[in-house]
Amino acid sequence: MSRWRGKASRVAASLDETTGVLTAARRFLDHDIPASAGWPQVFGSIALFLFLTQAFTGLLLALNYAPTPSDSYNSARYIMREVTGGALVRSLHHWGASFMVVVVAMHMAQVFLYGAYKKPRQATWIAGVVLLLITLAYGLTGYLLPGDARAYWGTVVTTRIAAQTPLAGGLVARLLGADNGAVGAVTFTRFYAAHVILLPLLTVLLVGAHLALVRRHGIARAPGASPGTRKFFPGQIFKDTVAIFVTFAALFLVASLVRAPLGYPADPADDTFVPRPEWYFLFLFQLLKLFPGWLEPFATVVLPSTAVVVLFLLPFLDRKPVLRWSHRAASVMALCLVAAGWTWLTVAAVRGTPASGGTEATPAEWRRLTPEQLAGLAYFQSDGCGACHNLDDWRPFSLEAIARRKGDGWLAAHFSHPRGSAPPGGAGRPQQDGPKFPALSAFLRTLPSLPAGAPLRVPQPVLAGALLFRGRGCEVCHAANGSGGKIGPALNGLAARRTREWVERHFENPQSLSPGSMMPAYHFTVPERDALVSFLFALPDGAP
Amino acid sequence: MNRRRFQLTVIGATGLVMAASFSLAAARYLLAVPRSQPGRQDGDPNEGEWIEAGDVGELRVGVPRRVVFERTRTDAWKTTREKGCAWVVKNRNGSVVAFSPLCTHLGCVYRWGEAERSFVCPCHASRFSADGAIVSGPAPRPLDRLQTRIENNTLWLGPLVKRG
């Protein structure tokens, strides 16, 4: 053992002689810090750890992600559903961003309360404010990249707000790649380039400057603390490590238990989606509601700009050398007011969000399925396919991947001979035939475009109604979600045009309510009638 | 154990745990085969499916013919239709053997050389006879074969025959 230690020492000495890295590390670790420094000073180290985590997970994601409007969503979905550990890596990145905002805010609050922005630490504070803005810019630019409805609409709103910048709004929008408020290919590439190249470069430069300045001026003593010093290593490093480990454990736990959201693909024609920004921008979103009409630029430009300017100028606005909280009541009160205001606005925004707004679990996506696709889902359930195939996740055979890779012929062969995929016309006759196979295939083809678990949210009456719609020949004359005949009127938007009672009476005697109609009378049982109306009233207003 | 030693132990242990956790997550992410894509072999014409390749009657005994077909290709998150090809040779007994179009050396696309009466790879001059056996060159094994089936005079090409 001592022989190995001796060898290690010689290698270390040789390395240090060539590079000086060990001497530099010793000098970095072996410096004095105030004896009052301790747990309040860990937030900066946690923020640095989170930045490194974001860089690492971001690099992993970039190895499987395509930053174009046509591929962003599918590649994000590929990462979430098919890459082993992809959901964990993306979730670490997603929640890591939220953790970062919280920790940066806590770090700034601690620095503020300790008066560590005052002379001679003005430059350190200013570098920190820029890092705060960069952190928020990461959140803004990263928000678009998954390419789902939340990402798309959130960015439309963001770029339009940016376009309201007085005098330079058009230029700002052009810089963001969102001329005329349109979010497209250029927006994607610019946001991606900013997120993975520009902002990380700036972060490295500024973190380096920030740390150099902290070393230059030393850690600020706690207000009212007595003089005295201790060594940075190992005491403070120990506290930093423990705090970082707690953050790491919390992040891994959250990322493992709560998957990063990925809604349905962005659809510029979707009028049902309610855009919302990420939670740390909700206060700005809510602020807009307090300044309607011509006052809107106050909320979008004036107030946020003023806040940023105040932050930058804080060391010059508050020059008093006093640090004790008891003599800085106004400053402490201001911090409390800002925190309270942010909380109040955020809670109000959350409360004001409709249930279907900005989440993955919107019902809109299954409402667009055609009667054949819904019938396929009904057959999937009734014929026991769910015994082996789980619609909620990949286990054990990914139906989504099968739907993308296999043709209708293979699917039909598999439905009739599940134990081996026979070649077309191969061994054995099909055991079943009829309308089920095309409907099942049609349903499976929808899986790549549906959020996970969406088929499970289709109400049973709607499925029964779709089966009836097809079984009783309704789609010969009427189209639903773009599928069906054109002899009778299309049925999308029926719920907005007619009452339930009208529709039920119309089944019984169409000519009494629609003179000259060719529709025959239908006599349904009560459950059949209810199911059919449930299906018809679930159809969205606009056909695809 | 004194205070300093305890602190150093905690720093080292937690650092190791965090580094190992991130490394394991990264290794799974980068190295594990994606769930929906079990191992595929190069030259597999349609990812394990059967493809119609033409009329067997148009083949001449012992004369290799290159058949071109459309296939479905799944590339991560993209599914596309693209052209594929294979070399087929009809035997005296009427059976048909089909070869992957890729040289078994480094995957170049070979051609049939009339003058050489053999398949010739332009990259490193591997040569294969009409039955796929190695004639010369650096190829490590004979040409990879595809499963074949004839139904109603139509040739169907299937997955690659698993290498022994």
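Residues numbered from 1 in each chain as written. Chains lettered and ligands numbered in written order. Predicted model: local features only at pLDDT ≥ 70, side-chain atom pairs only at ≥ 80, totals over all residues. Heavy atoms only, no water.

*Asks:* Could you clarify how one ought to interpret the overall build of chain B in this entry?
*Replies:* On a plain count of helices and strands, chain B comes out with one helix and ten strands. Helices (α) and strands (β) of chain B occur, in sequence order from the N terminus, as α-β-β-β-β-β-β-β-β-β-β. A compact globule built from 164 residues should have a C-alpha radius of gyration of about 15 Å, whereas chain B, at 24 Å, is more than 25% larger. Seen through its C-alpha atoms, chain B measures out along the principal axes to roughly 85 × 35 × 25 Å. Scored against the burial criterion, the 164 residues of chain B give a buried share of 42%. Within chain B, contacts between residues separated by at least 24 positions form 45% of all contacts whose residues are at least 6 apart in sequence. When the accessible surface of chain B is split by element, carbon and sulfur atoms take 52% of a total near 9200 Å². (Helix = DSSP H or I, 4+ residues; strand = E, 2+ residues; numbered from the N terminus. Rg over C-alpha atoms; globule rule 2.2 N^0.38 Å. Buried < 20%, exposed > 50% of the residue type's maximum accessible area, 1.4 Å probe, protein only. Contact = heavy atoms within 4.5 Å. Areas by Shrake-Rupley, 256 points an atom, 1.4 Å probe, with all protein chains shown as cover.)

*Asks:* Explain the environment of Pro140(B) to me, please; I cannot follow it from the model alone.
*Replies:* Residue and element names in this part refer to chain B. Of note, Pro140 is situated in the loop between β8 (134-136) and β9 (145-151). The exposure class of Pro140 is exposed, given its relative accessible area of 57%. In this structure, the C-alpha to C-alpha distance between Pro140 and Glu82, residues 58 residues apart in sequence, is 29 Å. Once residues lying within four places of it in the same chain are set aside, the contact partners of Pro140 are Thr104, His105 and Ile134.

*Asks:* What is the right way to look at the nonpolar core in this model?
*Replies:* It is characteristic of soluble globular proteins that their nonpolar side chains tend to be buried jointly. Residue and element names in this part refer to chain A. Among the nonpolar cores identified, the biggest contains 45 residues, and Leu374, Leu444, Phe469, Phe507, Leu532, Phe535 and Leu536 are the most heavily contacted of them. The biggest single contributor to this core is helix α15 (residues 371-382), with six residues. Beyond its immediate sequence surroundings of up to four residues, Leu532 is in contact with Gly465, Leu468, Phe469, Phe507 and Phe524. (Core = buried A, V, L, I, M, F, W, Y, C linked by side-chain atoms within 4.5 Å.)

*Asks:* It is not clear to me how the sheet that holds strand β6 (residues 118-120) of chain B should be interpreted in this structure. Could you clarify?
*Replies:* Consider a sheet: its strands pair through backbone hydrogen bonds, and that pairing is either parallel or antiparallel. Residue and element names in this part refer to chain B. The four strands lie next to each other as β5-β6-β7-β8, forming an open sheet whose pairing is antiparallel. Strands at the two margins of the open sheet, each flanked by one partner only, are β5 (111-113) and β8. In this sheet, β8 lies alongside strand β7 (residues 127-128) in antiparallel orientation, the contact comprising two bridges. By the bridge assignment, Arg127 is partnered in β8 with Ser136. (Pairing = 2+ DSSP bridges.)

*Asks:* Would you explain the pattern of salt bridges in this entry?
*Replies:* Pairing of side chains with opposite charge becomes possible as their charged atoms draw close. All names here are of chain A. In total, this model carries 13 salt bridges over all chains according to the counting rule given. Here Arg470 ties to Glu475 by a salt bridge, and the two come within 3.2 Å at their closest N and O atoms. The salt bridge involving Asp530 is made with Arg529; its shortest N-O contact spans 3.8 Å. Asp530 gets classed as partly exposed once you look at its relative accessible area, which sits at 29%. Each of the salt bridges in this network shares a partner with another, and the network as a whole consists of Arg500, Glu504, Arg529 and Asp530. (Salt bridge = Lys/Arg side-chain N within 4 Å of Asp/Glu carboxyl O.)

*Asks:* Could you clarify how one ought to interpret the packing of helix α3 (residues 43-62) of chain A against helix α5 (residues 86-113) of chain A in this entry?
*Replies:* Think of two packed helices as two axes; the pair is described by the angle between the axes and how far apart they sit. Residues and elements named next belong to chain A. Contact geometry for α3 and α5: axes closest at 9 Å, N-to-C directions at 155°. Judged by the angle between their axes, α3 and α5 are roughly antiparallel. Judged by the sense of rotation from one axis to the other, the crossing of α3 with α5 is left-handed. Along the contact surface, α3 presents Phe43, Gly44, Ile46, Ala47, Leu50, Phe51, Gln54, Thr57, Gly58, Leu60 and Leu61, while α5 presents Val89, Arg90, Leu92, His93, Gly96, Ala97, Phe99, Met100, Val103, Val104, Met106 and His107. Its residues assigned to classes, the contact of α3 with α5 shows 15 nonpolar, seven polar and one charged. (Axes fitted to C-alpha atoms, helices over the stretch in contact; angles between N-to-C directions. Parallel < 35°, antiparallel > 145°, perpendicular 65-115°, else oblique. Left-handed = near helix turned anticlockwise from the far one by under 90°. Nonpolar A, V, L, I, M, F, W, Y, C, P; charged D, E, K, R; others polar.)

*Asks:* Explain the sheet that holds β9(B) here, please?
*Replies:* All names here are of chain B. Ordered by their spatial adjacency, six strands build an open sheet running β1-β10-β9-β4-β3-β2, and the pairing between neighbours is antiparallel. Every other strand in the sheet has two partners, leaving β1 (51-55) and β2 (65-75) as the edge strands with one partner each. For this sheet the average axis-to-axis angle between neighbouring strands, irrespective of direction, equals 35°. Where β1 meets strand β10 (residues 154-160), four bridges bridge the pair, whose relative direction is antiparallel.

*Asks:* Please explain the packing of aromatic side chains as it appears in this structure.
*Replies:* Applying the stated criterion across every chain yields a total of 27 aromatic pairs over all chains. An angle of 85° between the planes, with centres 5.9 Å apart, marks the rings of Phe28(A) and Phe232(A) as edge-to-face. With a gap of 204 residues between them, Phe28(A) in helix α2 (residues 21-29) and Phe232(A) in helix α10 (residues 232-257) connect regions that are remote in the sequence. When the ring of Phe248(A) is compared with that of Phe252(A), the centres are 4.9 Å apart and the planes differ by 50°; the resulting orientation is tilted. Note that Phe248(A) and Phe252(A) are positioned in helix α10 at a spacing of four residues, about one turn of the helix. The exposure classification of Phe248(A) matches that of Phe252(A), with both residues buried. Grouped by ring-pair contacts, the aromatic residues Phe49(A), Phe56(A), Phe245(A), Phe248(A), Phe252(A) and Phe22(B) constitute a single cluster. Sitting over the ring of Trp4(A), Lys7(A) keeps its end group 5.2 Å from the ring centre. Of note, Arg500(A) hangs over the ring of Phe537(A), and the distance from its end group to the ring centre comes to 6.0 Å. (Phe/Tyr/Trp six-rings, centres within 6.5 Å; stacked < 30°, edge-to-face > 60°. Lys NZ or Arg CZ within 6 Å of the ring centre and 35° of its normal.)

*Asks:* What should I look at first to understand a nonpolar patch on the surface in this one?
*Replies:* Taken together, the side chains of Val309(A), Val310(A), Leu313(A), Phe316(A) and Leu317(A) present a nonpolar region at the surface, about 430 Å² in accessible area. Relative to the assigned elements, Val310(A) resides in helix α12 (residues 296-317). (Patch = residues over 30% accessible without salt bridge, like charges linked within 9 Å, V, L, I, M, F, W, Y side chains within 5 Å.)

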